[in-house]
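# Report on the structure
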Amino acid sequence: MNTLVEGDEQLETWNVTRPSKETTPNAPKGLDPQKREMLEARFVGKNSSPLQPAMPPRKLDSDSKSLGLHEFSDNSVSQDGVLSPAGAVVDRKRRRLEMDGVKSPGNRSGRKISEYFKSNNPQLDNVNGSSRKPEPVLVYSDSQDGAGANNGRPGMHPQDSMFMRAGGSSANDSNSSFHSNTSCTLDSSCQTVVTAGDLRRLEESRMPPPSESSQLVVELRRTIENLQNQYKQRETEFTRELEQERHRYSECQKELKTLLLEKVERFSKESRERCNNNKLRLGQYNTVRSGAHYQEDWVNGYAFREHKQRVERFKQNKESLENGQKLLRQKRKMMNGPTPKKENKRAPTDATPVIDQQELHEMEEILKIKAAALKKEELDIQTEIEKLQQECQLHMRESKRIQAENNSRFKDNPTLKNGRYLLLHLIGKGGFSEVHKAYDFDGQRYVACKVHQLASEWKDEKRANYLKHAVREYDIQKSLNHPHIVSLYDVFEIDQMSFCTVLEFCDGNDLDFYLKQHKSVREQEARCIIMQIVSALRYLNLKKNPVIHYDLKPGNILLVGKGDFIGSLKITDFGLSKIMENSHDGGMELTSQGAGTYWYLPPECFTESPKISSKVDVWSIGVIFYQCLYGKKPFGNNMAQDAILKFNTILKAKEVEFPVSPKISQEAKTFIRKCLSYRADLRVDVLQLSEDPYLKQPPKRTKSEKMHPPVQQEAPPSPIPQSLGTFLPPVVTSSHS
Ligand SMILES: Nc1ncnc2c1ncn2[C@@H]1O[C@H](COP(=O)(O)OP(=O)(O)OP(=O)(O)O)[C@@H](O)[C@H]1O
């Protein structure tokens, strides 16, 4: 063990490896000290022989630094056994230490110093001199660093290298009094595994015993330091994991984007192919010039021409049947002549052969079969034209959609809002907006992105008005949360002239399109539609500041899920909505008169300085319910908006009339009458309507209703339908109405 304590050569001399008298293995106990010295000298080598001339106690000089340990040891003992002054000091000190219970480090049977360090033996402090200011004590550990090999090694404490100089290659340092006296031998028996860190800790533990609180502080500091280290480590790990996750996420996003684009490309290709094929079969828009405008006229395809030919054939067959029936009647008349006699009947003459009777009978049978076939043909033709009309409506809508998509600036699937929304395809086009199906990468869901485009030629007033409605729509819709109301997720600006609202996506059509396709729905289904709309309106009216939708119509009712039936639905488009703040019974003033869809607005909206309430929506519900059941609007059906205004159609709508067919329950009619009550003050409000018994419990169906389910059309088809062969979809102009 080599320990250097600066400024204490005496202690160092004790510390160097030297077999102690007490522990020299062969030293017999109880020997006379002189003999013992001689014996020791024999064990340790030269200059210890008593036969050698006595040397005067030497002064430590520079020569001695070349001497070995044993030389030094011998210098400390005179020949006559008197200790030299240096030797005497060492001996004194050693004895003192032994008395204190500290064994000589040379004592191999005793504990290593490191073990003392570890056990924090307080006596060690005495050894190092408790009165002294504790100096950093550094130990060269053979087992860790390799003996003498690392002098000046990077990372080693300066004291370490200093220590190594002392014990090894730097032994020639004449400035060190220790070195002048000693030459250290490094061997494993005198080295330790104690590290500099251990020693530093030991240093700390050797500090004067701290008071309890300061000890606590030290411990707390240490704990804090540990925790900080742990925290830093965890933070580093977490940051690394986060980076990995981010990378993985962006890879997934890329993959998802590719798949979505592949899917949309397939969809687009298929729909365009279908549309092209249908152009010939069902028809297409032709752009024609009409004065200063261009307008798009619809031209029927070959399916309609073929249908027309079939109808022509049917007509001819029907004509020939009618002619045959006429002939039969004439023949029968001729054969029977003027009142035939009874005996004549029993005994026919040769002039009125029986064969004529037979012929007539056969002719009658043939005509009957012909008539039945024509009846079937007539039904087939009716079914065919209805199917063609449905297909044609779909095709017309798809053609318009594709045309609008081709003209859209977002046709190339851009991403909006820093890559968050990937626009997939156009769903439809409104007056000043385009609705695109999109994928929201953050929300991981499909959404409907409604892009509002302001026109550059708009005057400031118009622009301000449009923005006012858009902002109102956003303000109202963002605060709503109901299963039958389309949620508004986000709004953001695209550029100076356009912005986008992000809406919950509904994958079905709107009710308007559904009714165009199916004409009407069964009462049970219609009641289900109304129940859902009333539920949403009830929610709007139970808010602190109730909301009037004001634009309820089939086009603003979106169906969830595709199919030939109506399941769940959601109301949308709050652009004309009004928030009722502090409104009293008389209702709130209508500031946007003229807006809205007139077929669905109540009479009070057409009066001067009207006051409105939630009862506006109740009227709209009555109109929608009626339209669902009968396939037509109760007031102003087939009339244009302008005409409704011009002829005060709604102001005259005092009484609602119900067609005979299809049959609907009395409860449904009563419900509709309540909604379409002319006077607003006599009309039920939304909350009262939601409590209506018709919505609470389905009406019991009568036997006749079960036997005669409602037919699809209000008017039953005539033997030869008027519409056959004359179907022409309405002319659609390029300007949006
Ligand atoms: N959230 C949605 N999910 C799915 N389709 C939607 C959604 N919102 C609107 N659509 C569809 O997008 C098309 C255009 O909608 P938009 O509201 O712009 O048309 P509009 O109501 O006819 O026009 P405007 O609002 O200008 O009167 C319609 O066919 C509508 O059914």
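Residues numbered from 1 in each chain as written. Predicted model: local features only at pLDDT ≥ 70, side-chain atom pairs only at ≥ 80, totals over all residues. Heavy atoms only, no water.

### Regarding the overall build of the chain
Here is the rule: Strands are runs of DSSP state E lasting at least two residues, helices are runs of H or I lasting at least four, and both sets are numbered from the N terminus onward. The classification of residues rests on relative accessible area computed with a 1.4 Å probe and restricted to protein chains. Under 20% of the type maximum is buried, over 50% is exposed, and intermediate values are partly exposed. Contacts are assigned to residue pairs with any non-hydrogen atoms lying within 4.5 Å of each other. Accessible areas in this description were obtained via Shrake-Rupley with a 1.4 Å probe; residue shielding takes into account the shown protein chains only.
Along its length, the chain carries 23 helices and 14 strands. Taken across its 737 residues, the chain has 40% of its residues classed as buried. Considering only contacts within the chain whose residues lie at least 6 apart along the sequence, 67% involve residues at least 24 apart. Within the structure as shown, the chain displays about 43,700 Å² of accessible surface, and the carbon and sulfur contribution to it stands at 52%.

### Description of the pattern of salt bridges
Note the cut-off: The salt bridge criterion pairs a side-chain nitrogen of Lys or Arg with a carboxyl oxygen of Asp or Glu, the two atoms within 4 Å.
Inspection of the entire model under this criterion finds 26 salt bridges. Between arginine 401 and glutamate 405 there is a salt bridge; the shortest N-O distance is 3.4 Å. One end of the pair is arginine 401 and the other is glutamate 405, both in helix α14 (residues 354-407) and four residues apart, which spans about a single turn. Judged by its relative accessible area of 8%, arginine 401 is buried. Residues aspartate 490 and lysine 417 are paired through a salt bridge, measuring 2.8 Å at the closest nitrogen-oxygen approach. Of this pair, aspartate 490 sits in strand β7 (residues 488-495) while lysine 417 sits in the loop between β3 (415-416) and β4 (421-429), and the two are 73 residues apart along the sequence. Look at lysine 417 and you get partly exposed, because its relative accessible area is 36%.

### Observations concerning the site of the ligand
Formally: Working definition: residue near molecule or strand if any one of its non-hydrogen atoms lies within 4 Å of it. N or O atoms closer than or at 3.5 Å make up a polar contact, with two conditions inside protein: a donor-capable atom paired with an acceptor-capable one, and, for residues adjacent in sequence, both atoms drawn from side chains. Lys, Arg, Asp and Glu make up the charged group, whereas Ala, Val, Leu, Ile, Met, Phe, Trp, Tyr, Cys and Pro make up the nonpolar group; the residues left over, Gly among them, are polar.
Near the ligand, the surroundings consist of 15 residues, among which Gly431, Ser433, Glu504, Cys506 and Asp510 are the closest. Residue serine 433 places a side-chain N or O atom 3.0 Å away from an oxygen atom belonging to the ligand. Put simply, the parts of the chain that give the shell around the ligand at least two residues each are β4, β5 (433-440), β6 (445-453) and β8 (498-504). Its residues assigned to classes, the shell around the ligand shows seven nonpolar, four polar and four charged.

### So, the nonpolar core
As a reminder of what qualifies: Think of a nonpolar core as a cluster: buried Ala, Val, Leu, Ile, Met, Phe, Trp, Tyr and Cys residues, connected wherever their side-chain atoms sit within 4.5 Å.
Leu511, Ile530, Ile533, Ile571, Ile621, Phe625 and Phe671 are the most contacted members of the largest nonpolar core, which has 63 residues in total. Of the residues forming this core, the biggest block, eleven residues, is contributed by helix α18 (residues 615-630). The contacts of isoleucine 530, once residues within four sequence positions are left out, are Ile621, Ile624, Phe625, Phe671 and Leu695. Of all hydrophobic cores here, the second largest spans eleven residues; its members include Leu416, Tyr421, Ala438 and Val447.

### Thoughts on the pairing of β8
Our working rule: Being paired, for any two strands, means DSSP has found at least two bridges between them.
Summarising burial for β8: seven of the seven residues are buried, a large majority. Alignment of β6 against β8, held across seven bridges, turns out to be antiparallel. Note on β8: the bridge partner recorded for valine 447 is glutamate 504. Judged from the six bridges that link them, β7 and β8 form a sheet pairing that is antiparallel. Within β8, the position partnered with phenylalanine 492 by the bridge is cysteine 500. Linking β7 to β8, which pair antiparallel, is a turn of two residues.

Worth remembering: the numbers are spatial, not functional.
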